[in-house]
Each structure stands twice: as C-alpha cells, then as structure tokens.
Amino acid sequence: MSETRGRQLLPGQTSRVHVYDVAARTSRLVFESSSVLVEAPNVHDERTLVLNGDGDLWLLRLPEDDTVLDESALERVPMPGVPEINNDHVLDPSGNSVVVSARDGDLYRVPLPAGGAAATMTDVTTALPVVRKFYLHGIAADGTLAAIVGERTEDGVWTTDVALVDPATGDPTFLTRDEHPDDGVSFAGDVLVWNSERFTPGTAQLVSLWPGATDPVRITNDDRVNWFPHVSPDGAHLLYLSYGPGVQGHPADHRVELRLLPGVLVRGARIMPVPETLVTLEGGQGTVNVPPWSPDSTWFAYCDYPVGG
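This is a predicted model, so every value here is computed, not measured. (Residues numbered from 1 in each chain as written. Predicted model: local features only at pLDDT ≥ 70, side-chain atom pairs only at ≥ 80, totals over all residues. Heavy atoms only, no water.)

Chemist: Would you mind showing me how to read the packing of aromatic side chains here?
Modeler: For any pair of aromatic rings, geometry is given as the distance between the ring centres together with the angle between the planes. Enumeration according to the criterion identifies four aromatic pairs in this entry. Ring centres of F300 and Y302 lie 6.1 Å apart, and the angle between their planes is 45 degrees; this geometry places the pair in the tilted category. Taken individually, F300 and Y302 each receive the classification buried, so the pair is uniform in this respect. One residue, R7, lies across the ring of Y305, its end atom 5.0 Å from the ring centre. In this arrangement the basic side chain of R177 is found over the ring face of F174, its NZ or CZ atom lying 3.7 Å from the centre. (Phe/Tyr/Trp six-rings, centres within 6.5 Å; stacked < 30°, edge-to-face > 60°. Buried < 20%, exposed > 50% of the residue type's maximum accessible area, 1.4 Å probe, protein only. Lys NZ or Arg CZ within 6 Å of the ring centre and 35° of its normal.)

Listed below in structure tokens is the structure:
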C-alpha cells in the first residue's frame with residue numbers, strides 16, 4: 001500500500017482552481033477534482049499554472065474556452081531526489097525554475113517547465129545547531145529569498161520570523177527576532193510585505209518593511225485575521241486572504257474572503273481605503289499561499305475546497 005502524500009480531500013469535498021479577471025471583477029472555474037487536492041497556484045505564464053498536490057509539483061495548462069479541466073490535465077514536474085513538498089513554492093524571477101519547500105526542511109530548485117534533476121540549495125537541517133525549517137513565500141528580483149523560519153526553542157515552542165536567505169549558502173539574515181508570529185512574506189519591488197501579530201497579538205494583520213528600515217509599518221487594522229499579502233507585479237493591487245475574527249493561524253476549510261487594497265499602501269501611502277471583498281469562498285490553507293498574480297497584473301489564480309452541493 002502506497003504512503004499517502006500531501007493534504008487530502010475530505011469526504012464529499014472537491015478541489016477547484018479559478019482565475020479572477022481584475023478589470024471585469026469576475027472569476028472563471030478552470031479546474032475541478034474530487035480525487036486530487038491541489039493548492040497554492042503560481043502563474044508560470046499567461047497559459048500555465050504551477051500547483052502542488054499529493055506532495056508533488058504540477059503544471060496546469062489553462063483552457064482557452066470555458067472547459068473545466070480535471071486531474072487528467074495535471075502534468076507532473078519531475079523532481080528526482082526531492083521528498084514530499086508543501087504548498088510553499090515560488091517561481092524564480094527568470095521563470096525557468098521554481099523553488100520548493102520540502103518536508104525535510106530543505107529548499108530545492110526545480111527546473112521548469114520540462115523538469116530535470118533538482119539540486120538542493122542548502123542542507124539547513126544539518127548545518128545549523130537548532131532544528132530549523134524554511135518556508136518560502138517570496139523571491140526578489142536579484143534572487144534573494146524571503147523565508148519564514150520555524151525555530152524550535154528549548155521548551156519546544158516554534159517561533160516564526162522573517163529572514164532573507166542567501167540562495168548560495170542558505171545563511172539567513174533575520175529581519176524580525178521576537179515573540180510575535182510572522183508569516184506569508186513576499187516582495188513588492190524592494191519592499192517586503194507580510195502578516196504579523198506584532199501589533200495585535202493573536203490576530204494577524206498586514207505589515208510592510210521598506211529598504212533600510214528596521215520596524216515594519218502596519219497596513220491593515222481591523223478585527224479580521226489577514227494573511228498572505230500579494231502585490232501585483234505592476235504595484236497597483238494588494239491581494240490578501242481574510243479570515244473571520246478569532247481564527248488562529250491559517251487553517252483549511254474555513255469561510256474566507258479574498259480582499260483587495262491599493263498597492264501603494266505597502267510604501268506608506270497615507271490613505272484609508274475600505275478593503276474590497278472580491279470573492280467569498282470555502283478555503284484558507286492552499287487558497288493563495290504563494291504569489292498568484294499573472295505577469296501583466298490583469299488576473300490572479302486561487303483555489304477553493306467546497307464540500308457537497
């Protein structure tokens with residue numbers, strides 16, 4: 001009997017992928033499966049998504065019409081020597097490869113789209129005196145990695161901090177080192193944006209950090225739990241995942257919203273817009289964990305996981 005890999009669907013649940021047209025404010029269903037749970041879409045090019053599912057990496061070629069694809073349309077990306085991966089995977093700015101976070105704590109660079117031999121970027125689990133795992137969410141234009149590092153303290157508690165990681169050595173430069181959980185960090189040009197409990201313990205809000213600064217600036221300020229900010233490539237839009245009040249972490253199978261704010265907020269613009277809810281869906285974990293924007297900033301991809309109906 002083969003070992004189960006990756007997150008699995010609940011009884012009666014389906015895994016779906018949508019693309020959302022920002023100008024038209026409409027979404028289109030492009031994939032649906034009752035057997036494979038796919039997560040965290042990246043946009044490789046205008047016709048191709050990158051997702052993970054069953055512990056592997058997949059390509060999904062978008063249909064040109066209103067066809068809804070199923071699991072038979074998924075193309076497995078060869079990853080020889082790479083163990084099961086999670087849903088933290090980010091396209092390299094060149095578009096030629098994707099960096100994946102494996103369950104062994106290492107980061108691997110996997111060639112795209114044809115696959116090939118994957119080379120480990122660094123063996124962080126044996127090089128450091130503490131147990132550390134890199135959860136990757138963003139890559140800068142110069143190849144610098146923005147990672148979340150989970151570090152086990154002596155009392156067994158995991159803390160999460162933002163770090164820039166040298167892709168050649170795996171050495172982290174910590175930008176936060178405190179008791180406040182941080183996650184979901186990505187790049188908006190030369191600005192970093194992520195979700196943090198620094199300002200509201202127990203409730204994640206969006207923050208940004210400008211070049212040369214040491215203290216992040218708060219972006220959102222409400223009673224909802226806000227995660228995974230992604231600024232569009234043209235800087236115009238800030239997309240994020242929003243849970244209801246009181247939710248801890250970023251769990252799966254919740255009623256959540258995809259919300260939009262002006263991208264200038266990450267650079268400290270002094271405006272107070274009301275977030276626009278684009279979509280309300282059943283999801284959370286796996287919906288938009290990683291950058292989901294198209295290269296031209298006109299659309300993004302997301303996943304949901306309805307049960308029944």
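Now that the structure has been shown, the text picks up again.
Chemist: Mind showing me how you'd approach the layout of surface pockets here?
Modeler: To find leftover empty space, one rolls a probe the size of a water molecule over the atoms. For the largest pocket, the calculated volume is near 700 Å³. L91, P93, I139, P233 and P291 are the residues nearest the centre of the largest pocket, which is lined by 28 residues in total. For the lining of the largest pocket, the elements supplying multiple residues, two or more each, are β3 (38–45), β7 (85–91), β11 (132–139), β15 (182–188) and β19 (225–231). Its residues placed into classes, the lining of the largest pocket shows 15 nonpolar, twelve polar and one charged. (1 Å grid on protein atoms, 1.4 Å probe; cavity = no way out; pocket = protein on both sides within 12 Å on 5 of 7 lines; lining within 4 Å. Points joined across faces, edges and corners; volume = space filled by probe spheres on them. Helix = DSSP H or I, 4+ residues; strand = E, 2+ residues; numbered from the N terminus. Nonpolar A, V, L, I, M, F, W, Y, C, P; charged D, E, K, R; others polar.)

Chemist: For this particular structure, what's the right way to read the pairing of strand β8 (residues 97–102)?
Modeler: Along any regular strand the residues' side chains alternate between the sheet's two faces. Extensive coverage of β8 is indicated by the burial of six of its six residues. Here β8 shows a buried face lined by S97, V99 and S101 and a second buried face lined by V98, V100 and A102. Here β7 hands over to β8 after five residues, with G95 in that stretch at a positive phi of 80 degrees. Examined bridge by bridge, β8 and strand β9 (residues 107–111) share five bridges and lie antiparallel to one another. When the bridges of β9 are listed, S101 appears paired with L107. (Pairing = 2+ DSSP bridges.)

Chemist: I keep staring at the side chain of T220 and nothing clicks. Help me out?
Modeler: Among the structural elements, T220 can be located in the loop between β18 (217–218) and β19. Look at T220 and you get buried, because its relative accessible area is 4%. Among the polar contacts listed, one links the side chain of T220 to the side chain of Q205, at a separation of 2.7 Å. In this view, T220 contacts Q205, L206, N226, Y240 and L261; residues no more than four positions away in its chain are not counted. (Polar contact = N/O pair within 3.5 Å; in protein donor to acceptor, adjacent residues only side chain to side chain. Contact = heavy atoms within 4.5 Å.)

Chemist: Mind showing me how you'd approach the pairing of β19 here?
Modeler: Of all seven residues in β19, seven are buried; the element is thus mostly enclosed. Pairing of β19 with strand β20 (residues 237–243), which is carried by five bridges, proceeds in the antiparallel orientation. Across the sheet, V231 pairs through a bridge with L238, a residue of β20. Taking the residues between adjacent antiparallel strands as the criterion, β19 and β20 are bridged by five residues, where G235 takes a positive phi near 80 degrees.

Chemist: Looking at this model, I keep getting lost on the pattern of salt bridges. Mind explaining?
Modeler: Opposite charge on two side chains makes pairing possible when the charged atoms of those side chains draw close. Summed over the entire model, instances satisfying the criterion amount to 13 salt bridges. Put simply, E276 and R25 hold a salt bridge, and the shortest N to O gap is 2.9 Å. Here E276, found in strand β22 (residues 276–283), pairs with R25, found in the loop between β1 (15–21) and β2 (26–33); they are 251 residues apart in sequence, far enough to count as distant. The class for R25 is partly exposed, based on a relative accessible area of 36%. For R177, the salt bridge is made with D161, and the minimal N-O distance between the two is 3.8 Å. Residue R177 is located in the loop between β14 (172–174) and β15, and its partner D161 is located in strand β13 (residues 158–165); the two are separated by 16 residues in the primary sequence. The exposure class of D161 is buried, given its relative accessible area of 3%. Through salt bridges with shared partners, a single network forms among R5, D56 and R76. (Salt bridge = Lys/Arg side-chain N within 4 Å of Asp/Glu carboxyl O.)

Chemist: Teacher, can you tell me more about the sheet that holds strand β23 (residues 299–304) here?
Modeler: Hydrogen bonds between backbone atoms are what pair the strands of a sheet, whose relative direction is either parallel or antiparallel. An order of β2-β1-β23 is seen for the three strands of this open sheet, with the pairing classed as antiparallel. Only two strands of the sheet have a single neighbouring strand rather than two, namely β2 and β23. Each strand of the sheet is rotated relative to its neighbour by a mean of 20 degrees, with strand direction disregarded. Two strands pair when backbone bridges link them, and β1 and β2 are joined in this way by seven bridges, in the antiparallel orientation. Residue V17 lies in a different strand from β2, and its bridge partner there is F31. (Axes fitted to C-alpha atoms, helices over the stretch in contact; angles between N-to-C directions.)

This is a description of form; function is not addressed.
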